[in-house]
Amino acid sequence: MKKHLTVLFTLFLLSASLYAKDCGNKYFNVTSEAEVLVQPDSAKLTFGISMRTKTLEEGKNKMKKILDKAYAFCGKKGIKRKYIQLNNINISPFYYNREVCRDGGKCYDEESLRYGFNQTFTVTLNNLSNYEQLLYGLLELGVNQVENVEFYTKDLRKYKDEARLLAISNAKEKAKLLSEASGIKLGKIVNVRENAPQAPSFRPAPSVSNVVQNSYGASPAQGEAAGAGQIKVKSEITLTYKL
């Protein structure tokens, strides 16, 4: 998998602190962050079907027909039924008003009951080579909404650990620089703390237009899904040195 490492090494004097604790011992804290940029290998696409019908039965039949086509299409693309999850369905009755004119020119307002249907479902892709085919193929079958696209990697733990090691290395370099510049002699590391964890964030690829989280316009490298962008996995580490 193609991956890029970006190391953030920013000096913030306020992030390093000197303080007294227990029997006059002094400690020095230094905090640093690192991130790993990873090409995603999986995605979850949430689609929606929205329609208005005259009767409940009509809406039920139309919805089933579109979903059956979607299931069959996904099956042809190698996506098993267990990777297709139906989410929320909403059925809302409403009244439709229109002006009706009879022979003789007499017009009046006619009110009739209608039904609004909204159904969402999520497809999990374990192979991004089918990403664009799935996206546009379902839209051609009557699915008329793209609610959300979430890219991720199945090796998140691996890259999270990589970011942690980079953050620790950065923190050590930062501590060395600050201590030498300020004339402080560092002792051994007595504590390591990972600060508030953050969920992996999505970094879109360069593009001229986008749909939800997808980016288009950039030329993908071999084996990458067009517009998949990159996942940013971060770690922030605080080291405590004894003085």
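In this text the structure is predicted, and so the values were computed from the model without any measurement.

Asker: Quick one: what's the story with the overall build of the protein, residue by residue and with numbers?
Answerer: Helix and strand counts for the protein stand at three helices and twelve strands. Counting across all 243 residues of the protein, residues that qualify as buried make up 35%. Taking all contacts inside the protein whose residues are at least 6 apart in sequence as the whole, residues at least 24 apart take part in 79%. When the accessible surface of the protein is split by element, carbon and sulfur atoms take 51% of a total near 14600 Å².

Asker: Just give me the short version of the pairing of strand β3 (residues 25–38), but keep the residues and values in it.
Answerer: Across the 14 residues that make up β3, a large majority, eleven, are buried. Where β3 meets strand β12 (residues 230–242), twelve bridges bridge the pair, whose relative direction is antiparallel. Bridging across to β12, Thr31 finds its partner in Thr238.

Asker: Give me the environment of Glu173: which residues, what numbers.
Answerer: Structurally, Glu173 can be placed in helix α3 (residues 156–182). You can call Glu173 partly exposed: its relative accessible area is 44%. Each C-alpha atom, one on Glu173 and one on Val30, is 9.9 Å from the other, the two residues being 143 residues apart in sequence.

Asker: Explain the packing of helix α1 (residues 56–76) against helix α2 (residues 131–139) to me, and be specific about the residues and the numbers.
Answerer: Packing of α1 against α2 leaves a shortest axis separation of 10 Å and a crossing angle of 155 degrees. The angle between the axes of α1 and α2 places the two elements in the roughly antiparallel class. Taken as a pair, α1 and α2 cross one another with a handedness that is right-handed. Between α1 and α2, the contacting residues are Ala70, Phe73 and Cys74 on the first element and Gln133, Leu134, Gly137 and Leu138 on the second. Class assignment for the residues of the contact of α1 with α2 results in five nonpolar, two polar and no charged.

About the criteria used
- Residues numbered from 1 in each chain as written.
- Predicted model: local features only at pLDDT ≥ 70, side-chain atom pairs only at ≥ 80, totals over all residues.
- Heavy atoms only, no water.
- Helix = DSSP H or I, 4+ residues; strand = E, 2+ residues; numbered from the N terminus.
- Buried < 20%, exposed > 50% of the residue type's maximum accessible area, 1.4 Å probe, protein only.
- Contact = heavy atoms within 4.5 Å.
- Areas by Shrake-Rupley, 256 points an atom, 1.4 Å probe, with all protein chains shown as cover.
- Pairing = 2+ DSSP bridges.
- Axes fitted to C-alpha atoms, helices over the stretch in contact; angles between N-to-C directions.
- Parallel < 35°, antiparallel > 145°, perpendicular 65-115°, else oblique.
- Left-handed = near helix turned anticlockwise from the far one by under 90°.
- Nonpolar A, V, L, I, M, F, W, Y, C, P; charged D, E, K, R; others polar.

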